[in-house]
Every structure is written in C-alpha cells, then in structure tokens.
Amino acid sequence: MFLDSSDLQAIFLTVKLAAIVTAILLVVGTPIAWWLARSRSRWKGPIGAIVALPLVLPPSVLGFYLLLAMGPHGPVGHLTSALGIGALPFTFWGLVLASVFYSLPFMVQPLQNAFEAIGDRPLEVAATLRASPLDTFFTVALPMALPGYLTASILTFAHTVGEFGVVLMIGGNIPGITRVVSVQIYDHVEAMEYSQAHRLAAVMLVFSFLVLLTLYAWRPNTRKG
Amino acid sequence: MDRITARFHVNWPGFTLDLDLNLPGLGVTAIFGQSGSGKTTLLRCIAGLERAEGGFLSFNGEVWQDERTFLPTHKRPLGYVFQEASLFPHLSVIGNLRYGLTRSGVEQRVSLDHAIELLGIGALLERKPERLSGGERQRVGIARALAVSPRILLMDEPLAALDLARKQEILPYLERLRDELEIPILYVTHSPDEVGRLANYLVALEGGTVIAQGPLAETLARIDLPIRLGEERGVVLEGVVAERDEGWHLERVEFPGGSLWMRDRGAPLGHAVRVRIPSGGISLSRVPQQDSSILNTLSGVVEEIGDDDHPAHSLVRVKIGESVLLARITKRSVAALDLYPGLPVWAQIKSVAVAQ
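Conventions adopted
Residues numbered from 1 in each chain as written. Chains lettered and ligands numbered in written order. Predicted model: local features only at pLDDT ≥ 70, side-chain atom pairs only at ≥ 80, totals over all residues. Helix = DSSP H or I, 4+ residues; strand = E, 2+ residues; numbered from the N terminus. Buried ≥ 20, exposed ≤ 12 C-beta atoms within 10 Å, placed from the backbone. Pairing = 2+ DSSP bridges. Core = buried A, V, L, I, M, F, W, Y, C linked by C-beta atoms within 7 Å. Contact = placed C-beta atoms within 7 Å. Axes fitted to C-alpha atoms, helices over the stretch in contact; angles between N-to-C directions. Parallel < 35°, antiparallel > 145°, perpendicular 65-115°, else oblique. Left-handed = near helix turned anticlockwise from the far one by under 90°. Nonpolar A, V, L, I, M, F, W, Y, C, P; charged D, E, K, R; others polar. pLDDT = per-residue confidence, 0-100. Expected span 1.5 Å × (residues − 1).

Below, the discussion takes up the overall build of chain B. A count of helices and strands for chain B gives eight helices and 20 strands. Structurally, chain B occupies a C-alpha span of about 65 × 50 × 35 Å along its principal axes. Residue burial in chain B is summarised as follows: out of 356 residues, 43% are buried.

So, in structure tokens, the structure goes:
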C-alpha cells in the first residue's frame, strides 16, 4: 500500500483537526472581523495587532505561552480543571484550542477585508428597507462577503494542516490523538524512513498546490462584483 | 395637514448645519443648494442615517427624534433613494424589490405591481443589477424604495449620477410619482431644472442654513430672496395645454391669470405642464406694443420693484391675475417709464421654456 495505517491515521487526524478549527473560527472570527471592519474604537489598532500576532510570532513561542496557560497552573488550566475537563495539553482538544489561536489571523483578515470592501452603503440601504442590523448582517453583509468566507476558510484549513511548532509544544506526538501529518513526517525523517517521509510529503505538496490552485483559479471571478 | 418638523443644529469639524424646518406633508419639497450646503446631511438626518445630537424631528406628529428618542432608520416608515442606485449585487431585480417589501409589514400603500408599473421595469425583473444600464438601475432603486410602502420618500440627487439622456428617461417617472402617490417627497438636488420641473415647495440651503423656503412659484417670485434656478432669476408657472394651433406648430398653455403661446411640444390637450419664464426674457411697457414679433403680451399690475445683482438692473414683480412674473429691466427704463407699485403694465414675454 502507498501509505501505511499510521500515515492514514495521521492524515485523518489532521483533516479532522483542520475541519474543526475552521468551523470554530468561522463562528469566532466573524464577529471579530466585523468589529475590526466597522468599529471606530481606539481599541481597533491593539486588537487588530493581537489578532495578527500569530503571523509573525514563532510557533514555538506561541505554543510555549499556550502550554503555560493550559497547564495546571495557568488560567485556562484552572478553568478546565474546575469544569472537570482536566488538563488540555497533550490532548486533541488542547490542540484544537491552540490551533484556533494560531490560525485566527488567517480567518479574521480575509473576512475583515471582505467586510470593509462592502462599505457603508449597502448596510444603509438595508436599513432604509426596514432590515434590522442583525437581519442586514445575514441577508446583505454575509452574502456579499461570501468570496471572503471561501478564501478565509481555505486559508485557515490549509494553515492548520501545515502547523508543526505549536503541535509539538501543545500536543506532543501521541498517535491518533495529536500526531498530525507534519509531525508524522518529522518522525519518519528522524527514524531515517525516507521513503515513507517522501510519500507523505508528496501528499502534502499536492494538497498545498491544489489549495492554492483553487484560490488563484477562482479569484478572477470575484472581480466582476 | 400633515407636516414634517425638523430642527437640527450640528457643528462637526468643517461643517455646520443649523436648520429649523416645517415642511409640507404632501408634494415634492426640493432641498436645493450647492455641494457642501448640507442638503444631503439634512436628508440623512431625517432618515436617521446620521445622528445630529440634540436635534428634533417629527413626522405627522410622531416624534422620530428628540432628547430621549432616536428611532433607528429601519423603524422609520420611509423610502430612500440614493444617488447611486446601490442595488444589492447578490440579488436579482425582483429580489431587490422584494427585500424591503417582505420587511415592510402588512400596510400596503404602494403595491409591488404598481411600483413596477410606475417605473416601467416589468421586463427587467429576473436580471442581475450588473446587467442593467445606469438609468434602469436607478429606476429599480426608486421602485425598491416605493415597494416598502413608505409614508415619506427621501431622494438624494437620484439623477445626479446619470447623463442627460438617462435623466430625461427618468424625469417623467418622477413626475408620475409626484402626481400619483399621496406621500410627501423630499428631493435633494443641485439642479435648477429638476427643481423647476418637479418641486411644489422649495427649501434653499447655503452653508448649512436655510436662505429661502416656501411654495415654489411664490418663493421664486420674491425679490428679497436671492434664489435663482440656474443662470438668472425667473418664475415657474403651472398650467395646462388648452389649445393647439397645428398650422403654426404652437400650443397655448393656460395658467391662473392668463395664457401663453409656445412651441408645440406635442403634449395632449389638458396635459399639465410647467413653464419657466426667465426674468431677462420679459420687457415691460405702459401701452400694448403693436407690430411686434413677440407672441405673448400679458396685462398686469406692478407689485414691487427691487434691486437685482447688477446696479444697472431692477427686478419688477408683476401680478398677472393669480400668477406672478419677475421682469429684469434696467433702472433707466424704470425711471423712463415711471414704474411704481400699483401701475398697470403690459408684459412682453420673449422667451418661454417648458421646464425640463
């Protein structure tokens, strides 16, 4: 067989992680992006910078802080143990939480751009047509920002698939729980299993290319709006 | 009668608005002024799109804004037409029309079919906005505003973004709205032609304050107000086509107090038309002129004499029956003819234009 069962398990885990993170970020990222696009608050700059931090921060730094926060003495750790969930590090859901932070800008920034591109006018028009602000969001802003949502989702998914440093810090390397594809490839290389590393790496290469191809092939269509 | 009362005093950086208006609850009120005069801001304040702190606004006795109240835009029973049609790009024409309709509740003053018929957009319903011409887009925008069955229609320079041909395409529809809908229309414009053709009531703004307001014909004929539509001052008369002289291609337009022969524009008999008479196109005499090429000589009485902008000119208001003309003549002529209020005179009208 082309890939062995541990490789397939890693791929399945990676896809599951990326899908869950993308879904969570669609919900969490939307209000943040909306606020950043529409607000005139003086907190807009600082909040925007915080959201963008994972873009420039080394994943190991982000992972380190998240590890401390989720650890038994960190604020998230206190919360999770008080809720009876236990400690999050080295669990799948710990990985999900860390990835949500890590991929946040990849969801928020395209959405923010899409919301900003809509401008005030369509929202004002909707108001003069009796639509409440919430109604306006779902019936005007959301449909008009749909291309932005597609871009944001693809970028978030792909970025979550590609993470490595944060996974190692938070999730470690537990088969079926936290061992995602990027870690699996690392393992293969460490174990001098170059042919297996090759196959998995090729899968990632093809995947990444297809993602970008989708984005670029699709982009010209958005121009005519 | 229903009325709109608006008091707005705003002092934003680089912009002030200081208005106290009491507008009629029917017909077209033109809010006229140059860009920067505050006319669009006034309309946006009335719509609730802009919030002028400390302002007051009531419509037919319902308070939309005071110290305690600020009715959000979506709860105000208005229709709004923006300068650019601003159709929703993700919806078809009919989708755009239904957007407001479905949210406007049970009260149907204007049916969707009526709005579609009024604006002549029946053939466009399935199209996407991107496949409409500029004029079609604006007609859909107007129909969309009507489909919410507004109790007042606010229009912000709806023709300004269109070329002359498109304007001529839409103006007749606007006249129909004025004549067929029983709701007030506030019409923001900087175009003298649109005021002359559409307005019943005029509010002229300059630098955020009202420099003149009143019924259109009356306000234009006031010597003490510096209101001009276009290059020179003049009045607008409302009349009907009363007679046609086919042989000479002329039509006679009857207005309260007299009638005027003018170039036949093909309007059917009985059709209402508006006629603009610029003050420079009128000469006055004490006796009727004979052997003149001038077709229209009306008898009237001098009401008031005042100064025009140039020291050589006077403005003379002449009452013709129930109507009023404004004639610009030289001060030397005023002296030579010895004109004074109460004197019967003959007004020779050289140029008459249908307002368009």
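Moving on from the coordinates now.
Moving on, we come to the pairing of strand β16 (residues 296–307) of chain B. Of the pairings in the sheet, the one linking β16(B) to strand β19 (residues 344–349) of chain B comprises six bridges and is antiparallel in character. Directly across from Ser299(B), in β19(B), lies its bridge partner Trp346(B).

Another aspect to go through is the nonpolar core. Ala30(B), Ile31(B), Ala143(B), Leu154(B), Tyr187(B) and Val235(B) are the most contacted members of the largest nonpolar core, which totals 148 residues. Top contributing element to this core by residue count: helix α5 (residues 92–118) of chain A, with 12 residues. Here Val235(B) is in contact with Ala217(B), Leu220(B), Ala221(B), Ile277(B), Val324(B), Leu325(B) and Leu326(B), once residues within four sequence places are set aside.

This brings us to the packing of α5(A) against helix α8 (residues 146–161) of chain A. Relative placement of two packed helices is described by the angle separating their axes and the distance separating the axes. All names here are of chain A. The interhelical angle for the contact between α5 and α8, taken along N-to-C directions, is 160°, at an axis separation of 8 Å. With respect to each other, α5 and α8 are oriented roughly antiparallel. Both α5 and α8 take part in a crossing whose hand is right-handed. Contact residues: α5 offers Ser-99, Ser-103, Phe-106, Met-107, Pro-110, Leu-111, Asn-113 and Ala-114, while α8 offers Pro-147, Gly-148, Tyr-149, Thr-151, Ala-152, Leu-155, Thr-156, His-159 and Thr-160. A per-class count over the contact of α5 with α8 returns nine nonpolar, eight polar and no charged.

Time to look at the environment of Glu194(B). All names here are of chain B. Tracing the chain through its elements places Glu-194 in helix α6 (residues 192–198). Distance in space between the C-alpha atoms of Glu-194 and Leu-174 is 9.9 Å, their sequence separation being 20 residues. Beyond its immediate chain neighbours, meaning those up to four positions away, Glu-194 contacts Leu-159 and Thr-189.

This part is about the sheet that holds strand β14 (residues 272–278) of chain B. All names here are of chain B. Taken together, the five strands give an open sheet; going across it, the order is β13-β12-β11-β14-β20, and neighbouring strands pair in antiparallel fashion. Either end of the sheet is taken by a strand with one partner, and the two such strands are β13 (258–263) and β20 (353–354). As defined by bridge partners, strand β11 (residues 234–245) adjoins β14 across seven bridges and the pair is classed as antiparallel. By the bridge assignment for β14, Glu-238 is matched with Arg-274.

Overall, the prediction assigns chain B a mean pLDDT of 89, with 97% of residues at 70 or greater. Complex prediction metrics read pTM 0.84 and ipTM 0.83.

Once that is clear, we can look at the interface of chain B and chain A. The interface is formed by 18 residues belonging to chain B together with 15 residues belonging to chain A. Going through the elements one at a time, β6 (78–81) and α2 (93–103) of chain B are the ones with two or more residues in the side of chain B that touches chain A. Taken together, the residues of the side of chain B that touches chain A break down into nine nonpolar, seven polar and two charged.

Let us now look at the sheet that holds β16(B). All names here are of chain B. An order of β15-β19-β16-β17-β18 is seen for the five strands of this open sheet, with the pairing classed as antiparallel. Taken across any chain shown, the strands that pair with only one partner, and hence form the sheet edges, are β15 (282–285) and β18 (323–330). On average, each strand axis in the sheet is tilted by 45° relative to the strand beside it, whichever way the strands run.

All names here are of chain B. Burial within strand β3 (residues 28–32) is extensive, with five of its five residues counted as buried. Covered by surrounding structure in β3 are Val-28, Ala-30 and Phe-32 together with Thr-29 and Ile-31, the residues of both alternating faces. Pairing between β3 and strand β8 (residues 185–189): five bridges, direction parallel. Bridging from a neighbouring strand, Ile-31 pairs with Val-188 of β8. Relative to strand β9 (residues 201–206), β3 is paired through four bridges, and the arrangement is parallel. Note that in β9 the partner of Phe-32 across the bridge is Ala-204.

With that out of the way, let us pick up α8(A). If you check α8(A), its first and last C-alpha atoms are 23 Å apart, about what 16 residues at 1.5 Å a residue would give, namely 22 Å. Burial in α8(A) covers these residues: Gly148(A), Thr151(A), Ala152(A), Leu155(A), Thr156(A), Phe157(A), Ala158(A), His159(A), Thr160(A) and Val161(A).

What follows covers the environment of Glu116(A). Positionally, Glu116(A) belongs in helix α5. In the structure, Glu116(A) is positioned 102 residues away from Thr14(A) in sequence and 32 Å away in space, judged by C-alpha atoms.

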